[in-house]
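What follows is the residue order along each chain.
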Amino acid sequence: MIRYALICDHEHEFEAWFRNSSDYDEQAASGLVECPLCASTAVRKAVMAPNVASPKRRKETPQKMMMEMAGKVRAHIRDNFDYVGDQFAREARAMHEGDTPHRDIYGETTPEEAKALAEDGVPCAPLPAPFAPVPPKRVN
C-alpha cells in the first residue's frame, strides 16, 4: 500500500491510499480519484516528504496502520457526532440555512442529494466505508 498526499484543482488537500503507484495512475486517468470536499476529479499528487520507517515501525504494515487509523476515525465520529440516518441531507441543509442550531452529524444520503448539497455550498463530505461508523441500532 502507498499513501499519497493529493490536491484538487480547488486547492483542497487530502490523502489517499493505493495498492501501488500504477493503481493511482490508472484510477486518476479514469477519473476515479475524487476530492472528498468538492468531488473534483482534477486531482494531482502534492509534494511529500519521504517517510523513512524506523526499525520499530517497519513491523507495522500499511494495511495495519490504515485500519488502526480508520478505527480511530470511526470511534471519534461515533462518540462526537449525532447519527441522523437517512435525514442527513435535510438536517445538513437546515443547519446551513440557519433553521436549526449547528451540530456535528453523520448519516446517509442519495448521490443526487449529496450533489445538490455540494452545489448549494452545504459543507459535507462522504466517508469512505472503512471510516464510517456502524449506525446505531434502532430501538423499537
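It is worth spelling out the overall build of the chain at this point. Along the chain, the regular secondary structure elements total five helices and five strands. Put simply, the chain runs from its N terminus to its C terminus through helices and strands in the order β-β-α-β-α-α-β-α-β-α. Scored against the burial criterion, the 140 residues of the chain give a buried share of 22%. If you take every contact in the chain between residues at least 6 apart in sequence, the share linking residues at least 24 apart comes to 48%.

According to the stated counting rule, one finds four aromatic pairs in the structure shown. Aromatic pair Tyr4 and Phe18: ring centres 6.0 Å apart, planes at 45 degrees, arrangement tilted. Highlighted residues: Tyr4 in strand S1 (residues 2-8) and Phe18 in strand S2 (residues 13-18), separated in sequence by 14 residues. Phe18 shares its class with Tyr4; the two are buried.

To continue, consider unusual backbone geometry. Positive phi values are uncommon outside glycine, yet Glu11 reaches one of about 65 degrees. In the Ramachandran plot, Ala39 falls in the positive-phi region, its phi being about 70 degrees despite a non-glycine side chain. Looking at the secondary structure, you find Ala39 in the loop between helix H1 (21-29) and strand S3 (43-45).

A few words on the side chain of Ser40. Mapped onto the fold, Ser40 is located in the loop between H1 and S3. There is a polar contact of 3.1 Å between the side chain of Ser40 and the backbone nitrogen of Ala42. Here Ser40 is in contact with Cys8, Asp9, His10, Val33, Glu34 and Cys35, once residues within four sequence places are set aside.

Another point: the sheet that holds S2. A sheet is described by the order of its strands in space; here three strands give the open sequence S2-S1-S3, paired in antiparallel fashion. Here the strands that pair on one side only, and so sit at the sheet edges, are S2 and S3. On average, each strand axis in the sheet is tilted by 40 degrees relative to the strand beside it, whichever way the strands run. Both S1 and S2 contribute to a ladder of six bridges, which runs antiparallel. Of the residues in S2, the one forming a bridge with Leu6 is Phe14.

The buried count for S1 comes to five of seven residues, which makes it a mostly enclosed element. Counting the residues that bridge the hairpin from S1 to S2 gives four residues, and of these Glu11 lies at a positive phi of roughly 65 degrees. Pairing geometry for S1 and S3, over three bridges, is antiparallel. Residue pairing for S3: Cys8 is matched across the bridge by Val43.

Along the chain, Thr61 turns up in the loop between helix H2 (55-58) and helix H3 (62-80). Spatially, the C-alpha atom of Thr61 lies 8.4 Å from that of Met1, the residues being 60 residues apart in sequence.

Conventions adopted
- Residues numbered from 1 in each chain as written.
- Predicted model: local features only at pLDDT ≥ 70, side-chain atom pairs only at ≥ 80, totals over all residues.
- Heavy atoms only, no water.
- Helix = DSSP H or I, 4+ residues; strand = E, 2+ residues; numbered from the N terminus.
- Buried < 20%, exposed > 50% of the residue type's maximum accessible area, 1.4 Å probe, protein only.
- Contact = heavy atoms within 4.5 Å.
- Phe/Tyr/Trp six-rings, centres within 6.5 Å; stacked < 30°, edge-to-face > 60°.
- Polar contact = N/O pair within 3.5 Å; in protein donor to acceptor, adjacent residues only side chain to side chain.
- Pairing = 2+ DSSP bridges.
- Axes fitted to C-alpha atoms, helices over the stretch in contact; angles between N-to-C directions.

Distances and angles like these do not, on their own, reveal function.
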